[in-house]
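Commentary on secondary and tertiary structure
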Amino acid sequence: MKKKTNDVFQAKNTLLNPFRSTLLIIGIYTTFGLFWIFFSDFLLDLLVQDGSLNHNLQSAKGFFYVIVTALLFYYLIKRRMDSYYKLIHSLEQTIFELESANKQRMTLQEQIHHITYYDSLTGLLSKSRIIEIVNTHIQENPQDIFGLVFIDIDDFKHINEMKGHHIGDELLKLVAQDLDMISRPMHDVSRLGGDEFLILVKNVQDIQELLVTIQEGIQKLRQSYIIGDDTFYTTYSAGVAIYPLDGTNYDDLMISADLALHMAKTNGKDQIIIHQRDFRNQIMRQIAISNMLHEAILQKELVVYYQPLCSLKDSTHITCEALIRWQHPKEGFIPPLDFIRVAESTGLIKSITYFVFDEAIKEIQSFNRANQVANISINISTKMLTREFVEEIKNRYMDLQPLFKQIVLEVTESIILHHMEESIALLHQLKELGFRIALDDFGTGYSSLTYLQQLPIDILKIDQSFIKDTSPSTTVPFLRFFIELAHHLDIIIVFEGIEEESQKDLILSQGADLYQGYLFAKPMPATQLHDFYTEGKTS
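If you're wondering where the values come from, they're calculated on a predicted model, not measured in any experiment.

1. Brief notes about the side chain of Thr234
Summarising the element assignment, Thr234 is placed in the loop between strand 5 (230–233) and strand 6 (236–243). Side-chain polar atoms of Thr234 contact the backbone oxygen of Leu221, separated by 3.5 Å. Sequence-distant contacts of Thr234, defined by excluding residues within four places in its chain, comprise Leu171, Leu221, Arg222, Gln223 and Tyr225.

Printed below as a string of C-alpha coordinates:
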(Lines give C-alpha, C1' and ligand atoms only; values in the text may rest on other atoms or scores of the structure.)
Protein backbone atom coordinates (compact mmCIF):
# COMPACT_ATOMS: atom_id res chain seq x y z
CA MET A 1 0.00 0.00 0.00
CA LYS A 2 2.80 2.41 0.86
CA LYS A 3 4.68 1.66 -2.42
CA LYS A 4 1.54 2.14 -4.46
CA THR A 5 0.85 5.47 -2.82
CA ASN A 6 4.39 6.63 -3.49
CA ASP A 7 4.12 5.61 -7.18
CA VAL A 8 0.84 7.49 -7.59
CA PHE A 9 2.14 10.68 -6.05
CA GLN A 10 5.36 10.46 -8.07
CA ALA A 11 3.30 10.20 -11.27
CA LYS A 12 1.18 13.13 -10.10
CA ASN A 13 4.25 15.28 -9.62
CA THR A 14 5.46 14.39 -13.10
CA LEU A 15 2.16 14.97 -14.93
CA LEU A 16 0.99 18.01 -13.04
CA ASN A 17 4.17 20.07 -13.58
CA PRO A 18 2.77 22.93 -15.82
CA PHE A 19 6.09 24.38 -16.91
CA ARG A 20 7.51 21.04 -17.91
CA SER A 21 4.36 19.98 -19.76
CA THR A 22 4.18 23.32 -21.68
CA LEU A 23 7.82 23.19 -22.70
CA LEU A 24 7.38 19.62 -23.88
CA ILE A 25 4.47 20.49 -26.23
CA ILE A 26 6.09 23.72 -27.47
CA GLY A 27 9.34 21.90 -28.05
CA ILE A 28 7.65 19.19 -30.11
CA TYR A 29 5.70 21.81 -32.11
CA THR A 30 8.71 23.99 -32.76
CA THR A 31 10.94 21.10 -33.76
CA PHE A 32 8.34 19.69 -36.11
CA GLY A 33 7.56 23.16 -37.60
CA LEU A 34 11.19 24.11 -38.26
CA PHE A 35 11.92 20.70 -39.70
CA TRP A 36 8.87 20.90 -41.96
CA ILE A 37 9.60 24.44 -43.23
CA PHE A 38 13.21 23.93 -44.15
CA PHE A 39 13.01 20.35 -45.33
CA SER A 40 9.75 20.76 -47.34
CA ASP A 41 10.93 24.00 -49.09
CA PHE A 42 14.30 22.48 -49.92
CA LEU A 43 12.71 19.32 -51.26
CA LEU A 44 10.05 21.23 -53.26
CA ASP A 45 12.63 23.57 -54.89
CA LEU A 46 14.76 20.57 -55.74
CA LEU A 47 11.99 18.55 -57.36
CA VAL A 48 9.69 21.21 -58.93
CA GLN A 49 11.14 23.73 -61.42
CA ASP A 50 7.83 25.16 -62.64
CA GLY A 51 7.13 28.36 -60.68
CA SER A 52 3.34 28.21 -61.02
CA LEU A 53 3.29 24.61 -59.90
CA ASN A 54 5.69 25.36 -57.13
CA HIS A 55 3.38 28.14 -55.88
CA ASN A 56 0.34 25.82 -55.89
CA LEU A 57 2.29 23.12 -54.05
CA GLN A 58 3.37 25.67 -51.46
CA SER A 59 -0.32 26.33 -50.70
CA ALA A 60 -1.07 22.59 -50.58
CA LYS A 61 1.96 22.17 -48.32
CA GLY A 62 0.48 24.77 -45.95
CA PHE A 63 -2.83 22.94 -45.80
CA PHE A 64 -0.98 19.66 -45.25
CA TYR A 65 1.05 21.24 -42.45
CA VAL A 66 -2.12 22.48 -40.72
CA ILE A 67 -3.74 19.03 -40.94
CA VAL A 68 -0.64 17.19 -39.76
CA THR A 69 0.02 19.58 -36.89
CA ALA A 70 -3.64 19.36 -35.87
CA LEU A 71 -3.38 15.56 -35.77
CA LEU A 72 -0.11 15.83 -33.89
CA PHE A 73 -1.59 18.20 -31.30
CA TYR A 74 -4.65 15.98 -31.01
CA TYR A 75 -2.41 13.00 -30.31
CA LEU A 76 -0.27 14.87 -27.79
CA ILE A 77 -3.17 16.47 -25.94
CA LYS A 78 -5.25 13.25 -25.90
CA ARG A 79 -2.33 11.26 -24.56
CA ARG A 80 -1.79 13.86 -21.88
CA MET A 81 -5.49 13.97 -20.99
CA ASP A 82 -5.63 10.16 -20.82
CA SER A 83 -2.73 10.29 -18.42
CA TYR A 84 -4.56 12.91 -16.36
CA TYR A 85 -7.76 10.85 -16.25
CA LYS A 86 -5.77 7.75 -15.30
CA LEU A 87 -3.95 9.71 -12.63
CA ILE A 88 -7.19 11.13 -11.26
CA HIS A 89 -8.68 7.62 -11.10
CA SER A 90 -5.58 6.33 -9.35
CA LEU A 91 -5.71 9.24 -6.92
CA GLU A 92 -9.38 8.57 -6.18
CA GLN A 93 -8.65 4.85 -5.65
CA THR A 94 -5.69 5.67 -3.45
CA ILE A 95 -7.72 8.14 -1.40
CA PHE A 96 -10.46 5.52 -0.98
CA GLU A 97 -7.94 2.91 0.11
CA LEU A 98 -6.30 5.39 2.48
CA GLU A 99 -9.64 6.25 4.05
CA SER A 100 -10.48 2.54 4.41
CA ALA A 101 -7.07 1.82 5.94
CA ASN A 102 -7.51 4.76 8.29
CA LYS A 103 -10.89 3.43 9.43
CA GLN A 104 -9.38 0.00 10.02
CA ARG A 105 -6.51 1.59 11.92
CA MET A 106 -8.89 3.56 14.12
CA THR A 107 -11.01 0.44 14.73
CA LEU A 108 -7.87 -1.52 15.61
CA GLN A 109 -6.75 1.28 17.91
CA GLU A 110 -10.12 1.20 19.66
CA GLN A 111 -9.87 -2.58 20.03
CA ILE A 112 -6.32 -2.33 21.39
CA HIS A 113 -7.44 0.44 23.74
CA HIS A 114 -10.33 -1.70 25.00
CA ILE A 115 -8.13 -4.79 25.40
CA THR A 116 -5.50 -2.72 27.19
CA TYR A 117 -7.82 -0.84 29.52
CA TYR A 118 -10.76 -3.22 30.05
CA ASP A 119 -11.10 -6.82 31.17
CA SER A 120 -12.39 -9.01 28.33
CA LEU A 121 -14.62 -11.17 30.57
CA THR A 122 -16.24 -8.68 32.92
CA GLY A 123 -15.80 -5.32 31.21
CA LEU A 124 -14.22 -3.86 34.34
CA LEU A 125 -11.03 -1.84 34.23
CA SER A 126 -7.91 -3.86 33.49
CA LYS A 127 -4.88 -4.11 35.74
CA SER A 128 -2.83 -1.74 33.58
CA ARG A 129 -5.61 0.86 33.61
CA ILE A 130 -6.15 0.82 37.38
CA ILE A 131 -2.39 1.26 37.85
CA GLU A 132 -2.52 4.40 35.68
CA ILE A 133 -5.58 5.73 37.52
CA VAL A 134 -4.04 5.20 40.97
CA ASN A 135 -0.72 6.79 40.09
CA THR A 136 -2.44 9.69 38.30
CA HIS A 137 -4.72 10.25 41.30
CA ILE A 138 -1.68 10.38 43.57
CA GLN A 139 0.04 12.93 41.32
CA GLU A 140 -3.02 15.16 41.02
CA ASN A 141 -4.29 14.75 44.61
CA PRO A 142 -1.22 14.09 46.79
CA GLN A 143 -3.03 15.23 49.96
CA ASP A 144 -6.09 13.00 49.55
CA ILE A 145 -6.74 9.90 51.63
CA PHE A 146 -7.87 6.88 49.67
CA GLY A 147 -7.87 3.10 49.97
CA LEU A 148 -6.97 0.15 47.78
CA VAL A 149 -9.20 -2.84 48.54
CA PHE A 150 -7.88 -6.17 47.25
CA ILE A 151 -10.80 -8.64 47.12
CA ASP A 152 -10.81 -12.39 46.61
CA ILE A 153 -13.88 -14.65 46.35
CA ASP A 154 -13.62 -17.32 49.06
CA ASP A 155 -13.23 -20.89 47.77
CA PHE A 156 -13.89 -19.83 44.18
CA LYS A 157 -11.62 -22.59 42.87
CA HIS A 158 -14.07 -25.19 44.20
CA ILE A 159 -16.76 -23.82 41.88
CA ASN A 160 -14.45 -24.17 38.88
CA GLU A 161 -13.46 -27.67 39.94
CA MET A 162 -16.96 -28.94 40.70
CA LYS A 163 -19.11 -27.02 38.20
CA GLY A 164 -16.70 -26.10 35.41
CA HIS A 165 -15.03 -22.88 34.31
CA HIS A 166 -18.05 -21.72 32.31
CA ILE A 167 -20.09 -21.55 35.53
CA GLY A 168 -17.17 -19.86 37.28
CA ASP A 169 -17.02 -17.25 34.51
CA GLU A 170 -20.75 -16.56 34.81
CA LEU A 171 -20.35 -16.04 38.55
CA LEU A 172 -17.44 -13.66 37.96
CA LYS A 173 -19.60 -11.61 35.58
CA LEU A 174 -22.40 -11.32 38.14
CA VAL A 175 -20.00 -10.35 40.92
CA ALA A 176 -18.35 -7.82 38.60
CA GLN A 177 -21.71 -6.23 37.81
CA ASP A 178 -22.44 -5.78 41.51
CA LEU A 179 -18.96 -4.44 42.17
CA ASP A 180 -19.39 -1.94 39.36
CA MET A 181 -22.80 -0.81 40.63
CA ILE A 182 -21.54 -0.46 44.20
CA SER A 183 -18.43 1.46 43.13
CA ARG A 184 -19.78 3.95 40.60
CA PRO A 185 -19.55 6.85 40.23
CA MET A 186 -17.27 7.68 43.16
CA HIS A 187 -14.78 4.83 42.95
CA ASP A 188 -12.94 2.67 40.39
CA VAL A 189 -13.05 -1.12 40.23
CA SER A 190 -10.77 -3.48 38.33
CA ARG A 191 -10.41 -7.20 37.76
CA LEU A 192 -6.79 -8.19 38.22
CA GLY A 193 -7.29 -11.78 37.04
CA GLY A 194 -9.00 -14.97 38.20
CA ASP A 195 -11.33 -14.12 41.08
CA GLU A 196 -9.26 -11.15 42.26
CA PHE A 197 -10.64 -7.62 42.14
CA LEU A 198 -9.24 -4.24 43.16
CA ILE A 199 -11.27 -1.19 44.21
CA LEU A 200 -9.90 2.33 44.44
CA VAL A 201 -12.02 3.93 47.16
CA LYS A 202 -11.65 7.70 46.94
CA ASN A 203 -13.62 10.86 47.67
CA VAL A 204 -13.60 10.26 51.44
CA GLN A 205 -12.82 12.81 54.14
CA ASP A 206 -10.95 10.63 56.63
CA ILE A 207 -9.93 7.06 57.45
CA GLN A 208 -13.10 6.40 59.44
CA GLU A 209 -15.31 7.25 56.46
CA LEU A 210 -13.05 5.15 54.25
CA LEU A 211 -13.41 2.08 56.46
CA VAL A 212 -17.19 2.49 56.77
CA THR A 213 -17.48 2.79 52.97
CA ILE A 214 -15.45 -0.40 52.48
CA GLN A 215 -17.41 -2.37 55.08
CA GLU A 216 -20.76 -1.32 53.63
CA GLY A 217 -19.63 -2.19 50.11
CA ILE A 218 -18.37 -5.67 51.04
CA GLN A 219 -21.55 -6.35 53.01
CA LYS A 220 -23.65 -5.62 49.90
CA LEU A 221 -21.62 -8.19 47.98
CA ARG A 222 -22.42 -11.01 50.41
CA GLN A 223 -25.39 -12.55 48.64
CA SER A 224 -26.49 -15.57 46.67
CA TYR A 225 -26.33 -15.90 42.91
CA ILE A 226 -28.49 -18.25 40.85
CA ILE A 227 -26.83 -19.77 37.79
CA GLY A 228 -28.90 -22.40 36.05
CA ASP A 229 -30.11 -24.85 38.67
CA ASP A 230 -27.40 -23.91 41.18
CA THR A 231 -27.34 -21.28 43.90
CA PHE A 232 -23.99 -19.90 45.05
CA TYR A 233 -23.63 -17.90 48.25
CA THR A 234 -20.50 -15.77 48.03
CA THR A 235 -18.27 -14.51 50.80
CA TYR A 236 -15.16 -12.45 50.36
CA SER A 237 -11.76 -11.92 51.90
CA ALA A 238 -10.39 -8.42 51.54
CA GLY A 239 -7.11 -6.67 52.30
CA VAL A 240 -7.06 -2.88 52.62
CA ALA A 241 -4.12 -0.52 52.11
CA ILE A 242 -4.52 3.17 52.95
CA TYR A 243 -2.73 6.02 51.18
CA PRO A 244 -0.38 7.49 52.34
CA LEU A 245 0.03 5.33 55.49
CA ASP A 246 0.77 2.09 53.64
CA GLY A 247 2.51 3.44 50.53
CA THR A 248 2.87 6.46 48.27
CA ASN A 249 2.60 4.66 44.91
CA TYR A 250 0.64 1.80 43.41
CA ASP A 251 3.33 -0.85 43.87
CA ASP A 252 3.83 -0.19 47.60
CA LEU A 253 0.10 0.08 48.25
CA MET A 254 -0.56 -3.16 46.38
CA ILE A 255 2.07 -5.02 48.40
CA SER A 256 0.39 -3.82 51.59
CA ALA A 257 -3.09 -4.77 50.36
CA ASP A 258 -1.83 -8.20 49.28
CA LEU A 259 -0.30 -8.83 52.70
CA ALA A 260 -3.55 -7.83 54.37
CA LEU A 261 -5.52 -10.16 52.05
CA HIS A 262 -3.13 -12.99 52.90
CA MET A 263 -3.78 -12.44 56.59
CA ALA A 264 -7.55 -12.38 55.99
CA LYS A 265 -7.43 -15.75 54.22
CA THR A 266 -5.02 -17.22 56.76
CA ASN A 267 -7.26 -16.18 59.64
CA GLY A 268 -10.33 -17.96 58.31
CA LYS A 269 -11.57 -15.96 55.27
CA ASP A 270 -14.84 -13.99 54.99
CA GLN A 271 -13.34 -10.89 56.62
CA ILE A 272 -11.76 -7.53 55.94
CA ILE A 273 -8.23 -6.94 57.23
CA ILE A 274 -6.62 -3.49 57.35
CA HIS A 275 -2.89 -3.57 56.65
CA GLN A 276 -0.64 -3.28 59.67
CA ARG A 277 3.06 -2.64 59.70
CA ASP A 278 3.92 -5.88 61.49
CA PHE A 279 2.31 -7.99 58.72
CA ARG A 280 5.61 -8.09 56.87
CA ASN A 281 7.31 -9.42 59.98
CA GLN A 282 4.61 -12.06 60.37
CA ILE A 283 4.98 -13.18 56.75
CA MET A 284 8.76 -13.27 57.05
CA ARG A 285 8.35 -15.31 60.21
CA GLN A 286 6.11 -17.77 58.38
CA ILE A 287 8.67 -18.08 55.60
CA ALA A 288 11.41 -18.68 58.16
CA ILE A 289 9.31 -21.30 59.94
CA SER A 290 8.58 -22.99 56.62
CA ASN A 291 12.29 -23.25 55.85
CA MET A 292 13.10 -24.48 59.36
CA LEU A 293 10.22 -26.96 59.25
CA HIS A 294 11.61 -28.61 56.12
CA GLU A 295 14.89 -29.06 57.95
CA ALA A 296 13.17 -30.18 61.16
CA ILE A 297 11.47 -33.06 59.37
CA LEU A 298 14.77 -34.17 57.83
CA GLN A 299 16.66 -33.82 61.12
CA LYS A 300 13.87 -35.49 63.15
CA GLU A 301 13.44 -32.51 65.46
CA LEU A 302 9.69 -33.17 65.78
CA VAL A 303 8.47 -35.33 68.65
CA VAL A 304 5.08 -36.63 69.74
CA TYR A 305 3.73 -35.84 73.19
CA TYR A 306 0.72 -37.60 74.69
CA GLN A 307 -1.95 -36.10 76.90
CA PRO A 308 -3.87 -38.73 78.91
CA LEU A 309 -7.64 -38.58 79.23
CA CYS A 310 -9.33 -39.45 82.48
CA SER A 311 -12.23 -41.87 82.38
CA LEU A 312 -15.01 -40.99 84.79
CA LYS A 313 -16.47 -44.50 84.59
CA ASP A 314 -13.79 -47.05 83.67
CA SER A 315 -10.07 -46.66 84.42
CA THR A 316 -8.91 -49.96 82.93
CA HIS A 317 -8.22 -48.49 79.47
CA ILE A 318 -5.38 -46.13 78.58
CA THR A 319 -6.70 -43.24 76.52
CA CYS A 320 -4.60 -40.31 75.32
CA GLU A 321 -4.23 -37.79 72.51
CA ALA A 322 -1.09 -37.61 70.35
CA LEU A 323 0.16 -34.03 70.02
CA ILE A 324 3.00 -32.87 67.78
CA ARG A 325 5.79 -30.83 69.38
CA TRP A 326 8.83 -29.08 67.92
CA GLN A 327 12.00 -28.46 69.87
CA HIS A 328 14.25 -26.38 67.65
CA PRO A 329 17.98 -26.60 68.46
CA LYS A 330 18.41 -22.80 68.45
CA GLU A 331 14.95 -21.26 68.92
CA GLY A 332 13.80 -23.78 71.49
CA PHE A 333 10.16 -24.81 71.78
CA ILE A 334 8.00 -23.63 68.87
CA PRO A 335 4.23 -23.81 69.62
CA PRO A 336 2.06 -25.87 67.26
CA LEU A 337 -0.07 -22.81 66.50
CA ASP A 338 3.03 -21.20 64.97
CA PHE A 339 3.83 -23.99 62.53
CA ILE A 340 0.72 -26.12 61.87
CA ARG A 341 -0.84 -23.52 59.54
CA VAL A 342 2.49 -23.14 57.76
CA ALA A 343 2.67 -26.92 57.41
CA GLU A 344 -0.85 -26.97 55.92
CA SER A 345 -0.09 -24.22 53.41
CA THR A 346 3.20 -25.81 52.30
CA GLY A 347 2.01 -29.42 52.17
CA LEU A 348 4.34 -30.48 54.99
CA ILE A 349 1.31 -31.43 57.06
CA LYS A 350 1.29 -34.73 55.18
CA SER A 351 4.73 -35.74 56.44
CA ILE A 352 3.87 -34.58 59.96
CA THR A 353 0.59 -36.54 60.01
CA TYR A 354 2.24 -39.79 58.96
CA PHE A 355 5.04 -39.21 61.47
CA VAL A 356 2.41 -38.93 64.23
CA PHE A 357 0.73 -42.09 62.89
CA ASP A 358 4.03 -43.99 63.01
CA GLU A 359 4.81 -42.87 66.56
CA ALA A 360 1.29 -43.51 67.84
CA ILE A 361 1.27 -47.04 66.41
CA LYS A 362 4.61 -47.72 68.09
CA GLU A 363 3.13 -46.68 71.45
CA ILE A 364 0.03 -48.80 70.94
CA GLN A 365 2.23 -51.81 70.17
CA SER A 366 4.40 -51.08 73.19
CA PHE A 367 1.40 -50.99 75.54
CA ASN A 368 -0.07 -54.09 73.90
CA ARG A 369 3.14 -56.00 74.57
CA ALA A 370 2.74 -55.04 78.22
CA ASN A 371 -0.83 -56.46 78.16
CA GLN A 372 -2.35 -53.00 78.40
CA VAL A 373 -4.98 -51.67 76.03
CA ALA A 374 -4.10 -48.19 74.75
CA ASN A 375 -6.36 -45.97 72.64
CA ILE A 376 -4.64 -42.99 71.01
CA SER A 377 -6.30 -40.07 69.25
CA ILE A 378 -4.66 -38.44 66.20
CA ASN A 379 -5.71 -35.05 64.84
CA ILE A 380 -6.46 -34.94 61.13
CA SER A 381 -5.93 -31.59 59.41
CA THR A 382 -8.54 -30.09 57.10
CA LYS A 383 -6.02 -30.48 54.29
CA MET A 384 -5.57 -34.20 54.91
CA LEU A 385 -9.10 -35.59 54.71
CA THR A 386 -9.03 -36.60 51.03
CA ARG A 387 -9.45 -39.73 48.94
CA GLU A 388 -5.67 -39.85 48.58
CA PHE A 389 -5.32 -39.91 52.37
CA VAL A 390 -7.63 -42.91 52.69
CA GLU A 391 -5.73 -44.80 49.99
CA GLU A 392 -2.39 -43.89 51.56
CA ILE A 393 -3.55 -45.22 54.94
CA LYS A 394 -4.51 -48.51 53.30
CA ASN A 395 -1.16 -48.84 51.53
CA ARG A 396 1.06 -47.81 54.44
CA TYR A 397 -0.61 -49.56 57.37
CA MET A 398 -2.72 -52.39 55.97
CA ASP A 399 -0.53 -54.97 57.73
CA LEU A 400 -1.36 -53.22 60.98
CA GLN A 401 -5.12 -52.98 60.38
CA PRO A 402 -5.99 -54.87 63.62
CA LEU A 403 -4.56 -51.88 65.49
CA PHE A 404 -6.89 -49.41 63.74
CA LYS A 405 -9.61 -50.08 66.35
CA GLN A 406 -7.28 -48.53 68.94
CA ILE A 407 -6.83 -45.31 66.93
CA VAL A 408 -9.26 -42.41 67.12
CA LEU A 409 -9.16 -39.91 64.25
CA GLU A 410 -10.12 -36.43 65.44
CA VAL A 411 -11.66 -34.06 62.90
CA THR A 412 -13.08 -30.57 63.35
CA GLU A 413 -16.29 -29.02 62.13
CA SER A 414 -14.36 -26.94 59.59
CA ILE A 415 -13.54 -30.12 57.65
CA ILE A 416 -17.22 -30.99 57.44
CA LEU A 417 -18.34 -27.54 56.37
CA HIS A 418 -16.07 -27.37 53.31
CA HIS A 419 -17.28 -30.57 51.63
CA MET A 420 -20.11 -32.07 53.62
CA GLU A 421 -21.08 -35.02 51.40
CA GLU A 422 -17.53 -35.97 50.46
CA SER A 423 -16.34 -35.68 54.07
CA ILE A 424 -19.11 -37.96 55.32
CA ALA A 425 -18.24 -40.55 52.64
CA LEU A 426 -14.53 -40.45 53.53
CA LEU A 427 -15.22 -40.77 57.26
CA HIS A 428 -17.40 -43.80 56.53
CA GLN A 429 -14.53 -45.36 54.59
CA LEU A 430 -12.11 -44.74 57.47
CA LYS A 431 -14.61 -46.18 59.93
CA GLU A 432 -14.96 -49.29 57.77
CA LEU A 433 -11.19 -49.75 58.04
CA GLY A 434 -11.59 -49.96 61.81
CA PHE A 435 -10.83 -46.43 63.00
CA ARG A 436 -13.05 -44.62 65.46
CA ILE A 437 -14.03 -41.04 64.66
CA ALA A 438 -14.12 -38.10 67.07
CA LEU A 439 -15.62 -34.67 66.36
CA ASP A 440 -13.26 -32.21 68.02
CA ASP A 441 -13.87 -28.69 69.42
CA PHE A 442 -17.65 -29.09 69.38
CA GLY A 443 -19.19 -25.84 70.55
CA THR A 444 -16.76 -23.45 68.84
CA GLY A 445 -18.25 -23.41 65.34
CA TYR A 446 -21.73 -23.91 63.95
CA SER A 447 -22.20 -26.95 66.18
CA SER A 448 -25.18 -28.21 64.25
CA LEU A 449 -26.93 -31.17 65.85
CA THR A 450 -27.32 -32.48 62.31
CA TYR A 451 -23.70 -33.60 62.50
CA LEU A 452 -24.49 -35.98 65.35
CA GLN A 453 -27.03 -37.77 63.20
CA GLN A 454 -25.29 -37.67 59.81
CA LEU A 455 -21.64 -38.20 60.72
CA PRO A 456 -20.25 -41.62 61.62
CA ILE A 457 -18.76 -40.34 64.88
CA ASP A 458 -18.03 -42.34 68.00
CA ILE A 459 -16.76 -39.56 70.25
CA LEU A 460 -17.87 -35.98 70.76
CA LYS A 461 -15.27 -33.66 72.30
CA ILE A 462 -16.80 -30.59 73.95
CA ASP A 463 -14.58 -27.51 73.82
CA GLN A 464 -13.50 -26.00 77.12
CA SER A 465 -15.16 -22.68 76.30
CA PHE A 466 -18.51 -24.41 76.72
CA ILE A 467 -18.17 -24.68 80.51
CA LYS A 468 -15.45 -22.13 81.27
CA ASP A 469 -16.51 -18.98 83.10
CA THR A 470 -20.19 -19.98 83.15
CA SER A 471 -22.46 -20.56 86.07
CA PRO A 472 -23.91 -24.06 86.72
CA SER A 473 -27.44 -22.68 86.50
CA THR A 474 -27.01 -21.75 82.83
CA THR A 475 -24.66 -24.57 81.87
CA VAL A 476 -26.33 -27.64 83.42
CA PRO A 477 -29.40 -27.76 81.13
CA PHE A 478 -27.20 -27.68 78.03
CA LEU A 479 -24.79 -30.25 79.46
CA ARG A 480 -27.59 -32.60 80.36
CA PHE A 481 -29.15 -32.22 76.91
CA PHE A 482 -25.91 -32.88 74.99
CA ILE A 483 -24.86 -35.80 77.16
CA GLU A 484 -28.26 -37.49 77.03
CA LEU A 485 -28.51 -36.96 73.28
CA ALA A 486 -24.99 -38.31 72.68
CA HIS A 487 -25.57 -41.36 74.85
CA HIS A 488 -28.83 -42.02 73.05
CA LEU A 489 -26.79 -42.08 69.81
CA ASP A 490 -24.10 -44.29 71.42
CA ILE A 491 -21.58 -41.43 71.28
CA ILE A 492 -18.96 -40.99 74.00
CA ILE A 493 -18.73 -37.50 75.50
CA VAL A 494 -15.30 -35.99 76.25
CA PHE A 495 -14.82 -32.60 77.89
CA GLU A 496 -11.63 -30.71 77.02
CA GLY A 497 -9.62 -28.21 79.04
CA ILE A 498 -10.75 -29.27 82.53
CA GLU A 499 -8.48 -27.42 84.95
CA GLU A 500 -10.54 -27.11 88.15
CA GLU A 501 -12.21 -29.59 90.48
CA SER A 502 -15.49 -27.69 90.22
CA GLN A 503 -15.53 -28.24 86.47
CA LYS A 504 -14.80 -31.93 86.95
CA ASP A 505 -17.56 -32.27 89.53
CA LEU A 506 -19.99 -30.49 87.23
CA ILE A 507 -19.48 -32.78 84.23
CA LEU A 508 -19.28 -35.86 86.45
CA SER A 509 -22.67 -35.03 87.96
CA GLN A 510 -24.20 -34.90 84.48
CA GLY A 511 -22.84 -38.28 83.36
CA ALA A 512 -19.86 -37.35 81.17
CA ASP A 513 -17.59 -40.21 80.07
CA LEU A 514 -14.09 -38.73 79.91
CA TYR A 515 -12.30 -35.47 80.43
CA GLN A 516 -9.01 -34.05 79.28
CA GLY A 517 -7.05 -31.25 80.86
CA TYR A 518 -4.29 -30.12 83.20
CA LEU A 519 -6.33 -31.20 86.20
CA PHE A 520 -5.59 -34.79 85.23
CA ALA A 521 -2.38 -34.60 83.18
CA LYS A 522 -0.34 -32.32 80.93
CA PRO A 523 1.03 -33.47 77.55
CA MET A 524 4.16 -35.59 78.08
CA PRO A 525 6.73 -37.52 76.03
CA ALA A 526 6.30 -41.25 75.47
CA THR A 527 8.74 -42.27 78.23
CA GLN A 528 6.80 -40.31 80.85
CA LEU A 529 3.51 -41.67 79.51
CA HIS A 530 4.59 -45.21 80.36
CA ASP A 531 5.73 -44.11 83.83
CA PHE A 532 2.45 -42.24 84.31
CA TYR A 533 0.38 -45.38 83.78
CA THR A 534 2.87 -47.70 85.45
CA GLU A 535 2.55 -45.66 88.64
CA GLY A 536 -1.20 -46.31 88.59
CA LYS A 537 -2.44 -42.79 87.86
CA THR A 538 -5.36 -43.89 85.79
CA SER A 539 -7.83 -43.48 88.61
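2. Let's talk about the nonpolar core
The biggest cluster of nonpolar side chains holds 77 residues, and the ones touching the most others in it are Trp326, Phe357, Ile393, Leu430, Phe435, Leu460 and Phe495. The biggest single contributor to this core is helix 11 (residues 349–369), with nine residues. Every residue in contact with Trp326, bar those within four places of it in the chain, is listed here: Ile289, Met292, Leu293, Ala296, Glu301, Leu302, Gly332, Phe333, Ile334 and Phe339. In this structure, Phe156, Leu210, Tyr236 and Val240 belong to the second largest nonpolar core, which totals 28 residues.

3. A look at the sheet that holds strand 2 (residues 188–193)
If you trace the five strands from one edge of the open sheet to the other, you get 2-3-1-6-7, paired in mixed fashion. Two strands bound the open sheet, and with one partner strand each, they are strand 2 and strand 7 (272–274). For this sheet, the mean angle separating the axes of adjacent strands, direction not counted, is 20°. As judged from the six bridges shared by strand 1 (residues 146–153) and strand 3 (residues 196–201), these two strands associate in the antiparallel manner. Across the sheet, residue Ile151 finds its bridge partner in strand 3, namely Phe197.

4. Quick word on helix 10 (residues 336–346)
Among the residues of helix 10, Phe339, Val342 and Ala343 are the ones counted as buried. The buried side chains of helix 10 occupy one side of the element, clustering within an arc of 105° when seen end-on. Exposed and facing more than 90 degrees away from the buried side of helix 10 are Leu337 and Ser345. If you follow the buried residues of helix 10, they end up packed against helix 9 (279–299), strand 10 (318–328), strand 11 (332–334) and helix 11. Directly beyond the C-terminal end of helix 10, a positive phi value near 90° is found at Gly347.

5. A short note on the pattern of salt bridges
Applying the stated criterion across every chain, the model contains 19 salt bridges. One salt bridge connects Glu410 with Lys461, and the closest N-O pair in it is separated by 2.8 Å. Taken as a pair, Glu410 in strand 13 (residues 407–412) and Lys461 in strand 15 (residues 459–462) lie far apart in primary sequence, 51 residues in all. The exposure classification of Glu410 matches that of Lys461, with both residues buried.

6. Notes on unusual backbone geometry
Residue Pro244 is bonded to the preceding Tyr243 through a cis peptide linkage, with omega at 5°. Looking at where Pro244 falls in the secondary structure, it is placed in the loop between strand 6 and helix 8 (250–266). Even without being glycine, Lys300 reaches a positive phi, approximately 55°. As for its placement among the helices and strands, Lys300 is situated in the loop between helix 9 and strand 8 (302–308). You will see that Asn371, though not glycine, has its phi angle at about 60°, which is positive.

7. Here's the deal with the environment of Leu323
Here Leu323 lies in strand 10. What makes Leu323 buried here is its relative accessible area of 15%. On a C-alpha basis, the gap between Leu323 and Gln307 in space is 7.5 Å, while along the polypeptide they are 16 residues apart. For Leu323, the residues in contact, after removing those within four places along its chain, are Val303, Val304, Tyr305, Gln307, Asn379 and Pro523.

Quick notes on the rules
- Residues numbered from 1 in each chain as written.
- Predicted model: local features only at pLDDT ≥ 70, side-chain atom pairs only at ≥ 80, totals over all residues.
- Heavy atoms only, no water.
- Helix = DSSP H or I, 4+ residues; strand = E, 2+ residues; numbered from the N terminus.
- Polar contact = N/O pair within 3.5 Å; in protein donor to acceptor, adjacent residues only side chain to side chain.
- Contact = heavy atoms within 4.5 Å.
- Core = buried A, V, L, I, M, F, W, Y, C linked by side-chain atoms within 4.5 Å.
- Buried < 20%, exposed > 50% of the residue type's maximum accessible area, 1.4 Å probe, protein only.
- Pairing = 2+ DSSP bridges.
- Axes fitted to C-alpha atoms, helices over the stretch in contact; angles between N-to-C directions.
- Arc of directions from axis to C-beta.
- Salt bridge = Lys/Arg side-chain N within 4 Å of Asp/Glu carboxyl O.

Everything listed here is a matter of geometry and, on its own, says nothing about what the molecule does.
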